[in-house]
Amino acid sequence: MRKEPLIPGIGVVTDIRRDTPDVKTFRVVGLDGKKPFEHIPGQCAFLSMPGIGEALFSITSSPTNTEYMEFSIKKCGCVTEWLHQIEVGQQITIRGPYGNGFPVETDFKGKDLVFIAGGIGLAPLRSIINYVRDKRENYGKVTIIYGSRSDDDLVDYEEIKNEWVNEPDFSVYLTIDRETPTWDGHVGFVPNYVKEVGLDNTATAVLCGPPIMIKFTLANLQELGFKTNQIFTTLELKMKCAIGKCGRCNVGDKYVCKDGPVFRCDQLNELPNEY
Amino acid sequence: MMKISLKNLPELYSFIAKKNDLYLPIFKAGQVDFAKWDKDAIVDLNKLKTTKSAKDVFFPQSQDLVRFEVDGKKISIDEPIMPTNKQVIFGVKACDNRSFELLDMAFVEDYPDTFYEMRRANTTIVTLACAKPDEACFCKAYGIDAADPKGDVSTWIVDGYLHWMPNTDKGIELTTEVKDFFELDMDNSAVENQQSEIRAIIDRLPYSNIDLSKFTPDKLLELFNSPKWKALSEACLGCGTCTFVCPTCQCYDVKDFKTKTGVQRFKCWDSCMFADFTKCAHGNTRPSQMQRYRQRFMHKLVYFPSNHDGVYSCVGCGRCVQKCPQMLNIVKVIKTLGEDK
Ligand code: SF4
Ligand code: SF4
Ligand code: FES
């Protein structure tokens with residue numbers, strides 16, 4: 001018999017790290033101790049606790065990680081609040097992968113890539129950045145611009161400090177919105193920083209973050225000469241099925257769960273402004 | 001073709017019901033809806049339209065998905081109970097029958113809904129021609145012929161007889177099982193006369209020739225951005241009646257229910273007309289009733305066709321025309337937006 005897509009499998013949380021005051025990263029394996037399923041960067045999975053609810057999260061770990069899957073989750077609703085209080089060893093349900101993911105084998109191949117993230121927006125980008133790092137020969141230069149409200153809110157991935165900054169042809173720019181006594185790096189909003197770091201406008205840009213950041217960054221990238229077909233972003237809408245059937249997540253004739261969450265900005269411009 | 005006197009139908013029902021769950025238009029609580037037949041049921045084959053559509057038979061209002069047991073940090077999942085019963089649905093009108101094909105496009109293409117798929121596979125559909133279509137019907141606009149209702153078996157009621165004609169392998173199988181209840185019917189003229197009468201009535205109905213030509217996927221943005229949606233939707237209560245009676249509305253919710261011993265996850269009909277349908281922790285993509293109203297009709301007339309080779313997700317059954325407490329409906333939308341040049 002065919003498997004019912006809405007029925008999940010069981011996952012086990014094997015590690016929990018606190019990245020910011022309201023973001024934690026959860027490591028998940030299947031009951032057999034292996035990675036629950038294969039995915040491509042940018043795809044999502046539904047996690048749930050029976051009785052609490054199901055919610056969709058982007059998969060933060062890279063597909064090149066063969067041992068487990070990771071999710072960076074910000075506390076902002078019932079499911080996430082529940083997740084934030086669990087301990088290692090907790091079982092959850094998991095189903096996926098869902099969505100189109102980033103075109104890592106097509107549009108992105110051989111390109112210089114600029115990743116621009118705000119706040120928790122780094123979560124989906126972490127998957128593709130680590131993927132690109134592991135398949136270095138397939139891609140050009142990588143620029144990462146990442147900002148948050150404060151240094152406390154910068155998602156604290158080990159690899160930012162220990163790996164990305166040391167990687168040849170990787171440039172990493174971090175910024176926070178307002179000065180704090182503990183921060184000696186750049187201060188300023190992401191959209192403005194994007195104009196300052198000297199981007200090459202032949203690169204392909206990927207944006208992920210709060211809508212307001214996306215809006216201003218998009219405008220500034222276009223000012224720098226980026227065309228909308230060089231810019232990709234992801235959308236986040238309410239979802240229940242993730243398989244294009246429950247009718248909730250459409251923008252025009254596209255279902256974000258199935259046809260997205262990754263969209264090229266010129267394609268997005270052809271859709272109704274309802275996201 | 002074969003025929004059976006209407007007087008003998010109860011015997012036929014009881015024979016079919018021995019091996020199948022038999023669904024018929026049944027009068028209950030003041031209205032007629034498809035429901036499981038038993039010997040006390042009041043069958044009403046003359047009712048033109050059941051209040052709710054026939055979609056429950058494949059897409060029930062509530063469907064259990066899976067049951068979980070939670071024990072400390074451990075979760076176990078029970079195997080789902082699949083709908084393996086054989087079903088016969090009898091008396092389906094041409095529009096509702098067509099709606100099953102549209103639901104197939106929604107539920108079976110990509111990530112098939114296994115509950116829906118299994119019910120479809122296990123069900124034999126016996127349709128019935130509409131002797132007297134009413135003024136809210138506009139199935140003809142979608143190329144549906146109420147006089148030739150299709151399905152696995154087509155039937156017509158004329159002069160005290162039900163005329164029976166199988167169309168598919170499933171229909172032939174059922175026909176073989178029930179043939180002893182029927183007499184041979186060599187003269188097709190009774191049915192043919194009724195067919196011409198039905199088609200003549202339909203040609204005179206007010207919405208039969210409603211103009212859908214404006215609703216094409218390439219007009220998506222233009223139609224979406226039309227200033228007319230505001231006035232069109234102003235009276236909408238967001239009650240969702242139109243979506244619950246509609247044979248092609250597919251939206252659902254997935255929910256958990258805590259039982260004494262575990263958690264039951266189920267899915268149930270939902271409505272894009274409801275204010276919280278798209279509301280989540282980050283906000284709401286359709287915060288106004290205008291947007292929700294626009295979504296329902298854009299889905300049926302533009303988005304669905306754009307994803308399914310131009311096929312509209314409406315069968316012209318007229319239920320939303322008759323049931324909306326505010327007299328809003330898809331016909332008004334088609335007329336108002338379809339007029340724009
Ligand atoms: S259109 Fe009519 S039936 Fe539908 S939600 Fe609005 S008021 Fe209710
Ligand atoms: S939109 Fe209205 S007329 Fe069309 S199928 Fe649904 S209920 Fe019937
Ligand atoms: S989440 Fe159900 S259609 Fe996308």
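Residues numbered from 1 in each chain as written. Chains lettered and ligands numbered in written order. Predicted model: local features only at pLDDT ≥ 70, side-chain atom pairs only at ≥ 80, totals over all residues. Heavy atoms only, no water.

A few points about the site of ligand 2
Residues and elements named next belong to chain B. Spelled out, the test is: Being near a molecule or strand, for a residue, means having at least one of its heavy atoms within 4 Å of it. Secondary structure elements are taken from DSSP: a helix is a run of H or I of four residues or more, a strand is a run of E of two residues or more, and numbering for both begins at the N terminus. In this classification, Asp, Glu, Lys and Arg are treated as charged, Ala, Val, Leu, Ile, Met, Phe, Trp, Tyr, Cys and Pro as nonpolar, and every other residue, Gly included, as polar.
In the vicinity of ligand 2 there are 13 residues, among which Cys246, Cys314, Cys317, Gly318 and Cys320 approach most closely. Looking at the shell around ligand 2, the elements with two or more residues in it are α9 (289–307) and α10 (319–323). Of the residues in the shell around ligand 2, the class split is eight nonpolar, two polar and three charged.

A few points about the domain arrangement of chain A
Residue and element names in this part refer to chain A. Convention followed: What marks off one domain from the next here is an automatic or database domain assignment. Should any heavy atoms of two residues lie within 4.5 Å, those residues are considered in contact. By definition, the buried area sums, over both parts, the 1.4 Å-probe accessible area that each loses when the two are put together. Think of a salt bridge as a Lys or Arg side-chain nitrogen and an Asp or Glu carboxyl oxygen that are within 4 Å of each other.
Taken as a whole, chain A is organised into domain 1 (9–98) and domain 2 (113–234). Distance from the C-alpha centre of domain 1 to the C-alpha centre of domain 2: 24 Å. Taken together, the 20 residues of domain 1 in the interface contact 16 residues of domain 2. Counting each side, the surface lost to burial between domain 1 and domain 2 is near 1300 Å², with a carbon and sulfur contribution of 58%. Summed over the shared surface of domain 1 and domain 2, the number is one salt bridge.

Thoughts on the interface of chain B and chain A
Often, the extent of an interface is quoted as the loss of accessible area upon association of its parts. Just so we agree on the cut-off: Distance and chemistry together define a polar contact, namely a pair of N or O atoms within 3.5 Å, with one atom able to donate a hydrogen and the other to accept it when in protein, and with adjacent residues in sequence counting only for side-chain atoms on both sides.
Between chain B and chain A, the contact holds 53 residues from the first and 50 residues from the second. Buried surface at the junction of chain B and chain A, both sides included, amounts to about 4200 Å², of which 57% is carbon and sulfur. Per-residue buried area on chain B facing chain A is highest for Lys73, Ile75 and Tyr111 of chain B; these three make up 18% of the total on that side. Between chain B and chain A we count six salt bridges in total. For the pair chain B and chain A, the interface holds 24 residue pairs in polar contact (both at pLDDT 80 or more). The element contributing the most residues to the side of chain B that touches chain A is α9 of chain B, with seven residues. Class assignment for the residues of the side of chain B that touches chain A results in 25 nonpolar, 12 polar and 16 charged.

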